Structures are given as C-alpha cells and as structure tokens.
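Topology and contacts: notes
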Amino acid sequence: MENELVALETEGWHALCAGPAEATAFYSKVLAREPVIMLTGGLRITSRDQIIESMGGPPWSAFEIIDPKESLLGSDAGFLTYKVRADRERTPYTALLSSVYVREGGEWKLALHQHTPY
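Now for a look at the structure at hand. (Residues numbered from 1 in each chain as written. Predicted model: local features only at pLDDT ≥ 70, side-chain atom pairs only at ≥ 80, totals over all residues. Heavy atoms only, no water.)

Description of the overall build of the protein chain
Applicable threshold: The numbering of helices and of strands both runs from the N terminus, where a helix is a DSSP run of H or I of at least 4 residues and a strand a run of E of at least 2. Accessibility here uses a 1.4 Å probe with only protein chains present; expressed as a share of the type maximum, an area under 20% marks a residue as buried, one over 50% as exposed, and anything in between as partly exposed. Only heavy atoms matter for contacts: two residues are in contact if any of them lie within 4.5 Å across the pair. Using a 1.4 Å probe, the Shrake-Rupley method yields the accessible areas, and only the shown protein chains count as cover for residues. Under this rule, positive means Lys or Arg and negative means Asp or Glu; His and the chain ends count for nothing. The atom standing in for a charge is NZ when the residue is Lys, CZ when it is Arg, CG when it is Asp and CD when it is Glu.
Scanning the protein chain from N- to C-terminus turns up three helices and six strands. Listed by position from the N terminus, the elements making up the protein chain come as α-α-β-β-α-β-β-β-β. Across its three principal axes, the protein chain shows a C-alpha extent of roughly 40 × 30 × 25 Å. Expressed as a percentage of its 118 residues, the buried residues of the protein chain come to 35%. In the protein chain, the share of contacts with a sequence separation of at least 24, taken over all contacts with a separation of at least 6, comes to 50%. Accessible surface for the protein chain amounts to roughly 6,600 Å². Of this, 52% is attributable to carbon and sulfur atoms. Side-chain charges of the protein chain comprise 11 positive and 16 negative groups, with the mean position of each set lying 3 Å from the other.

A few points about the packing of helix H1 (residues 4–18) against helix H2 (residues 20–30)
When two helices pack together, their arrangement is captured by the angle between the axes and the distance separating the axes. Going by this rule: Helix axes are fitted only over the stretch in contact, all axes being lines through C-alpha atoms; the angle between N-to-C directions runs from 0 to 180 degrees. Put simply, angles under 35 degrees are roughly parallel, angles over 145 are roughly antiparallel, angles from 65 to 115 are roughly perpendicular, and the rest are oblique. Any residue that is not Ala, Val, Leu, Ile, Met, Phe, Trp, Tyr, Cys, Pro, Asp, Glu, Lys or Arg is counted as polar, Gly included; the first ten are nonpolar and the last four charged.
Between H1 and H2, whose axes approach to 7 Å, the crossing angle comes to 150°. Between H1 and H2, the angle is such that the two are roughly antiparallel. Taken together, the residues of H2 that come into contact with H1 (itself represented by Leu8, Glu11, Gly12, Trp13, Ala15, Leu16 and Ala18) are Glu22, Ala23, Phe26, Tyr27, Lys29 and Val30. Looking at the contact of H1 with H2, its residues break down into nine nonpolar, one polar and three charged.

A short note on the pattern of salt bridges
The test is simple: Salt bridges are defined by distance alone: a side-chain nitrogen of Lys or Arg within 4 Å of a carboxyl oxygen of Asp or Glu.
In total, this model carries six salt bridges according to the counting rule given. In this structure, the salt-bridge partner of arginine 85 is glutamate 64, at a minimum N-O distance of 3.0 Å. Placement of the pair is arginine 85 in strand S4 (residues 77–88) and glutamate 64 in strand S3 (residues 62–74), with a sequence separation of 21 residues. Since its relative accessible area comes to 40%, glutamate 64 is described here as partly exposed.

Examining the environment of proline 58
Looking at the element boundaries, proline 58 is found in the loop between helix H3 (48–54) and S3. Judged by relative accessible area, which is 40%, proline 58 ranks as partly exposed. Considering only alpha carbons, one finds proline 58 and glycine 106, 48 residues apart in sequence, at a separation of 32 Å. In this structure proline 58 touches Arg88 and Glu89, once residues within four positions along its chain are discounted.

Let's talk about the sheet that holds S4
Keep this limit in mind: Pairing between two strands requires that DSSP report at least two bridges joining them.
If you trace the six strands from one edge of the open sheet to the other, you get S2-S1-S6-S5-S4-S3, paired in mixed fashion. What marks the edges here is a single partner per strand, and that holds for strand S2 (43–45) and S3. Looking at each pair of strands side by side, their axes are set apart by 15° on average, direction ignored. Sheet analysis places strand S1 (residues 31–39) next to S2, joined by three bridges and oriented antiparallel. Paired with leucine 39 across the two strands is leucine 43, which belongs to S2.

Structure representation (structure tokens):
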C-alpha cells in the first residue's frame, strides 16, 4: 500500500485546485458508498450526493501536504493523517487531516474524512 493513500489525497487536492467540475468528478469516483465528511464549524455530511456537491465550491489555489502517515487497518482498510497548508481566495488555511479508506470493488474509496484547523 505504500503511498497509495498519499497519492489519492494528492490527486484529490489537485482536483480541488483545478475547479468544481474536476473536483466533483474526482470525488464521484473515489467516495465510498456511505461516506462521512467532518469539516470545520461542526459540519458533518453523510449524504454521498451532498458531499460531491460540496466539492464544487471555489477552487483552492495552492496546497502542501506535510508529514503524511499512512497505515493499514487490515487488508481492506487504511488511514492517512497529515497536515495541510492551503490557500483559497487569498485566505490561508492550515489543518490536521485524517482520511479512512476502504476497498470497494478492489479500489480504495474514501469512507471518512476529517479536518481539524490549527
């Protein structure tokens, strides 16, 4: 699995920087059947369609993934934690992120994603 989850997260950030169409297309492909996204301000989204729609917001202009760590929870589950520095509409953003991936149909799918700003 080495760096597979880092590669997926990086691809996701690139899609979020590219624009709404790219972001929604990427997350339509990579989200698990029953995902959960937990964001700042206590926002928790459990509807796959709402999560995909939320990815269509203003694009990020830059990002940096810092100190990524990935680990297996078994043969079909793994998690990734990292720090991110990003910028959207000239506003800097820093957070600790965690993502849990599960294998569905032989592919890694994003099941849980959480942001904790710092």
